[in-house]
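# Fold and contact review
The lines below spell out each chain.
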Amino acid sequence: MHARAPSPTRINLYSDTQTRPTPAMRDAMARAECGDEQNRDDPTVNELCERVAALLGKQDAVFLPSGTMCNEIAILVQVPRGEEIIAHETAHIIFSEGGGPAALAGCMIRSLPGDRGQFDAADVEAAIRPVTRYHPRTRMVEVEQTANMGGGSVWPLARVNAVAQVAKAHGLVTHMDGARLMNAVVASGVAARDFAEHYDTVWIDFTKGLGAPVGAVLAGSSEFIAEAWRWKQRMGGAMRQAGIIAAGCLHGLDHHVDRLAEDHANAKSLARDLAQIPGVVVAPPETNLVFATLDRPAQPVADAAAQQSLRVTVTGPRQLRLCTHLDATAAMCAEAAEILRRILSPR
Ligand SMILES: *Cc1c(COP(=O)(O)O)cnc(C)c1O
């Protein structure tokens, strides 16, 4: 997943984290009003937190440097040491956070299988541990909306609600990793606050499809956010004139949400083009992530693509991920498919 591509990369479909701040976003950042964020005196950060809390239907929110820190802090506040989180087996908290839940919070994760990065309420019910002193206590259920390694799939509202309902019936905490929640919103037409309604804690990332250089916002009850601030301080995540970066996030919220539909359309046509290549199987994308399963090892294909200035991600022995975003035009996506076609079926 982390092979270094030879530069220069002309078509970068490695991730939606690869976007660069636009001139208009840089302008907004340069003009941002600032204060001391650590004292909650930065007006731009405060505005961002208020906007995101309202967007997600929560009492309060806290600005953090990354989505990873949002997950870690949500877990640290809500899951006591030795207790257990139920999450999908492809979850970001399992794969991509350096073992943070274990190293920082000392908790266990019970991973569930399921198509496209999802499970349902019955799976959760079956995974909740009986209450005896032999078992870890089940404490949290986590869902990823959209499910990254599940193909960028959108959890249907009814499923998200049913999972939360079972969790609540057993006294569990519910957490939504909303790194790409706004992609789910644009793809489904369901409001963010509706997806988040039965989740105690939820966050969105500004460095993915929304195109900002730094920042994520974690939302929840006022009580939760007060505790989250304690961890933010403790982990060195409390900032100073962070309005500069928060302004980039606000700009993303104002200008880059509706346009996610373009990324989704580009992903669909990219998937159609890739599916034409013999030996390539592509799951129809629901959002901006395209997963292609090959009839041969994926790494040499990704290396050959990199030689032609196309960067993609190897997500499995025979699997590639291509991600559409703000800096990937329809023409680049078409060319990407053409490059892969030439590599995979040379004439
Ligand atoms: C990217 C991502 C994260 C982590 O966000 P960072 O801002 O990169 O730390 C967490 N969860 C999912 C599903 C992601 O895709």
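Structure report, in brief. (Residues numbered from 1 in each chain as written. Predicted model: local features only at pLDDT ≥ 70, side-chain atom pairs only at ≥ 80, totals over all residues. Heavy atoms only, no water.)

## Re the nonpolar core
Note on soluble globular proteins: their nonpolar side chains tend to be buried together. Counting residues in hydrophobic clusters, the biggest one holds 56 residues, and the most contacted among them are L48, F63, V124, L181 and F206. Those residues in contact with V124, other than ones at most four positions away along the chain, are I86, L112, F119, V141, V163 and V166. Core analysis: the second largest hydrophobic core is formed by 29 residues, V290, A305, A328 and A336 among them. (Core = buried A, V, L, I, M, F, W, Y, C linked by side-chain atoms within 4.5 Å. Buried < 20%, exposed > 50% of the residue type's maximum accessible area, 1.4 Å probe, protein only. Contact = heavy atoms within 4.5 Å.)

## A word on unusual backbone geometry
With omega at -5°, the peptide bond leading from Q145 into T146 counts as cis. Structurally, T146 is set in the loop between β5 (138–144) and α7 (157–169). Its identity as a non-glycine residue notwithstanding, R40 has a phi of 60°, on the positive side. For R40, the location among the structural elements is in the loop between α1 (23–30) and α2 (43–56). On the basis of relative accessibility, which here comes to 38%, the residue R40 falls in the partly exposed class. Here the phi dihedral of S309 falls at roughly 65°; this positive angle occurs in a residue that is not glycine. Exposure remark for S309: the relative accessible area of 17% places this residue in the buried category. (Helix = DSSP H or I, 4+ residues; strand = E, 2+ residues; numbered from the N terminus.)

## Some remarks on the environment of I244
Structurally, the position occupied by I244 is in helix α11 (residues 243–255). Sequence spacing of I244 and C34 is 210 residues, and the spatial spacing of their C-alpha atoms is 6.9 Å. With residues near it in sequence (within four places) discarded, I244 still touches M29, A32 and C34.

## Some words on the packing of α2 against α11
Where α2 meets α11, the axes come as close as 8 Å, and the angle between the chain directions of the two elements is 35°. As α2 runs across α11, the sense of the crossing is left-handed. In this structure, α2 contributes T44, V45, E47, L48, R51, V52 and L55 to the contact, and α11 contributes G243, A246, A247, C249, L250, L253 and D254. Taken together, the residues of the contact of α2 with α11 sort by class into nine nonpolar, two polar and three charged. (Axes fitted to C-alpha atoms, helices over the stretch in contact; angles between N-to-C directions. Left-handed = near helix turned anticlockwise from the far one by under 90°. Nonpolar A, V, L, I, M, F, W, Y, C, P; charged D, E, K, R; others polar.)

## Points about the sheet that holds strand β8 (residues 216–220)
Neighbouring strands of a sheet are bound in pairs by backbone hydrogen bonds; such pairs are parallel or else antiparallel. Across the sheet, which stays open at both edges, the seven strands sit in the order β2-β8-β7-β6-β5-β3-β4 with mixed pairing between neighbours. The sheet is open, and its two borders are formed by β2 (60–64) and β4 (108–112), each paired with just one other strand. Put simply, the sheet's adjacent strands are angled 20° from each other on average, direction ignored. The pairing of β2 with β8 spans five bridges and is classified as antiparallel. (Pairing = 2+ DSSP bridges.)

## Details of the packing of aromatic side chains
This model, assessed by the stated rule, comprises one aromatic pair. Taken together, a centroid distance of 5.0 Å and an interplanar angle of 80° make the contact between F119 and W155 edge-to-face. Taken together, the residues F119 in the loop between β4 and α6 (121–127) and W155 in the loop between β5 and α7 connect sequence positions 36 residues apart. By the burial criterion, F119 is buried, and W155 matches it. Looking at R133, its charged tip hangs above the ring of Y134, at a distance of 5.3 Å from the centre. Here R311 stacks its cationic end above the ring of Y14, 3.9 Å away from the centre of that ring. (Phe/Tyr/Trp six-rings, centres within 6.5 Å; stacked < 30°, edge-to-face > 60°. Lys NZ or Arg CZ within 6 Å of the ring centre and 35° of its normal.)

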